[in-house]
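As a plain string of letters, each chain reads:
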Amino acid sequence: MLKSVTESFARVIHGLTVEHLTDHVIQRSKRMILDTLGVGFLGTNTEVFHKASEYSKIYSSNVASTVWGQPDLRLPPTYAAFVNGVAIHSMDFDDTWHPATHPSGAVLPVLVALSEALPPSPKCSGLDLLLAFNVGIEVQGQLLRFSKEASDIPKRFHPPSVVGTLGSAAAASKFLGLSMTKCREALAIAVSHAGAPIANAATQTKPLHIGNAARLGMEAAFLAMLGLQGNKQVLDMQTGFGAFYANYSPTVLPNLDAHTWLLDQQDVAFKRFPAHLATHWVADAAASVRKHLVTDRALLPIDRIARILLRIPDVQYVNRPFPDSEHEARHSFQYVACATLLDGGITVPSFHKCQINRSQVRELLSKVELEHPQDNLPSFNTLYCEMSVTLNDGTTFTERSDTFYGHWRKPLSQEDLQQKFRDNASSVLSCDTVERLTEIVENLEDLEDCSVLITLLKGSTSPELVSKSI
């Protein structure tokens, strides 16, 4: 039995094989991949994506990888991963895990970029991609379980910028076939690349956290491959990875013959609208309250509403009484509650500036109050939202949401997940390409050559390539 936590991680990264993948893990991770691709395509329409891609154009290389849905833009692999990672998180529409992080966005862009950049022989298969993807997800989940602090919605730093960077390094190391020693070095290097403060939540900078995690994790693997060395005990030490946590208590991972995947035990949440996950409980409760106030196609009686009370956890960076940008609105309990009351639901256009600044929304926002019950802890696994709307005559309607549709306890159906992908990806790709991508990912474990997937991510619709792959 190894005594070093860091060494045990390197052993797991290096030693896991496709034979370790379970059917359950393959199915769950394919859903994560499809959803991540969809929100990534949608994200290429955002201002932050355009700024990040314009910046990245200053870099050039003899080796280049695809920027999803942008057939005329190719970048060095690290910057293709960066830009695609930014796109994935540009609307806060990507998957969320517990303990809290966005697991897929830091990993998938790395593997897609590498699969294109590596020599065409030997071919990278769909199973190769699934294995490396799940290694990257597993490393993040294991690291998050080394601290009680990680179980709560974060207050100090954004988790994907920390565990995501190591997950990216682990996935890249697996995909590149690094030795156990170099897997360990990649983790050590990645620790020095990791971290971003929560203060930049609700700004255009937050999506960079995912992009940087992808880019810097890949960079750590490249540097390790070239022989760069770091601390051999980096995951064991309070002054190593423990620097990110006040109560860090790492444990050695089990031997490979006893390995079980965290994704087998804990599914992810998929969002139905692009905003911080905690607001999804609020939207659920608000939709239920609205049914008491609005019948048929009538308008919400705003002038009759005296008070809107939200009983929610104390999560300060999602407490924004009067948001004035799309990014602030995505991180506002108050805005999501009022927009749902007014419109009956939240969609991608709900966060456009013209929607945020509507006079009806502003009037409703002025009536919102928050309460933080002691039993409503800031954890995605246990939090709830109770919403009460009181009318001028004193009548009060109250509804509570304990689990919204899309949470791991109430997962999206495969049909609804695929429809979300179609809605998002069709903003950039042709309907034919969207359907072919859906089919490719659905059968990813049978894909012999990932170059077919890359061709479709560019926006190509070559029927010959796709028909040969399935």
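Report follows, based on the coordinates. (Residues numbered from 1 in each chain as written. Predicted model: local features only at pLDDT ≥ 70, side-chain atom pairs only at ≥ 80, totals over all residues. Heavy atoms only, no water.)

1. Some remarks on helix H9 (residues 206–225)
How we decide: Helix and strand definitions follow DSSP, with helices as H or I runs of at least four residues and strands as E runs of at least two, each counted in order from the N terminus. Multiplying 1.5 Å by the residue count of a helix minus one yields the expected span of that helix.
Between its first and last C-alpha, H9 extends 29 Å over 20 residues, near the 28 Å set by a 1.5 Å rise per residue. A positive phi of about 100 degrees marks Gly 227, the residue just after H9.

2. Quick notes on unusual backbone geometry
What you tend to see is this: most non-glycine residues have negative phi, and most peptide bonds are trans. For clarity, the threshold we go by: Here's how the labels work: a residue is buried when its accessible area is under 20% of the maximum for its type, exposed when over 50%, partly exposed in between, all with a 1.4 Å probe on protein chains only.
For the bond from His 98 to Pro 99, the omega torsion is -5 degrees, close enough to zero to count as cis. Following the sequence through the fold, Pro 99 ends up in the loop between helix H4 (77–89) and helix H5 (108–117). Within the chain, Asp 92 stands out as a residue other than glycine whose phi angle is a positive 55 degrees. Considering the arrangement of structural elements, one finds Asp 92 in the loop between H4 and H5. Taking the relative accessible area as the measure of exposure, Asp 92 reaches 2% and is therefore buried. Positive phi values are uncommon outside glycine, yet Ala 202 reaches one of about 65 degrees. Summarising the element assignment, Ala 202 is placed in the loop between helix H8 (180–193) and H9.

3. Some words on the sheet that holds strand S6 (residues 396–401)
Selection criterion: For two strands to pair, DSSP has to find at least two bridges joining them. Between N-to-C directions, angles cover 0 to 180 degrees, with each direction set by a line fitted to C-alpha atoms, over the stretch in contact for helices. In what follows, residue pairs with any heavy atoms lying within 4.5 Å of each other are defined as contacts.
Sheet architecture is open: four strands sit in the order S4-S3-S5-S6, paired in mixed fashion. Strand pairing shows two members of the sheet lacking a second neighbour, strand S4 (368–371) and S6, which therefore form its edges. Each strand axis lies, on average, 15 degrees off the axis of its neighbour in the sheet, ignoring direction. Summarising the sheet, strand S3 (residues 305–311) and S4 pair through four bridges and their orientation is parallel. Bridge pairing links Leu 310 to Leu 370 in S4. The strands touched by helix H11 (residues 278–293) are S3, strand S5 (385–391) and S6; relative to S6, the strand with the most contacts, the crossing angle is about 145 degrees. Where helix H13 (residues 333–343) meets the sheet, its contacts fall on S3, S4 and S5, and the angle it forms with S3 comes to roughly 130 degrees.

4. Focus: the nonpolar core
Cut-off, in case you're wondering: Residues grouped as a nonpolar core are buried Ala, Val, Leu, Ile, Met, Phe, Trp, Tyr and Cys residues, joined through side-chain atoms within 4.5 Å.
In terms of nonpolar packing, the biggest core is built from 107 residues, with Leu 166, Leu 235 and Phe 241 touching the most fellow members. Counting 50 residues, the second-largest nonpolar core is a separate cluster that includes Ala 100, Ile 153, Val 289 and Cys 385.

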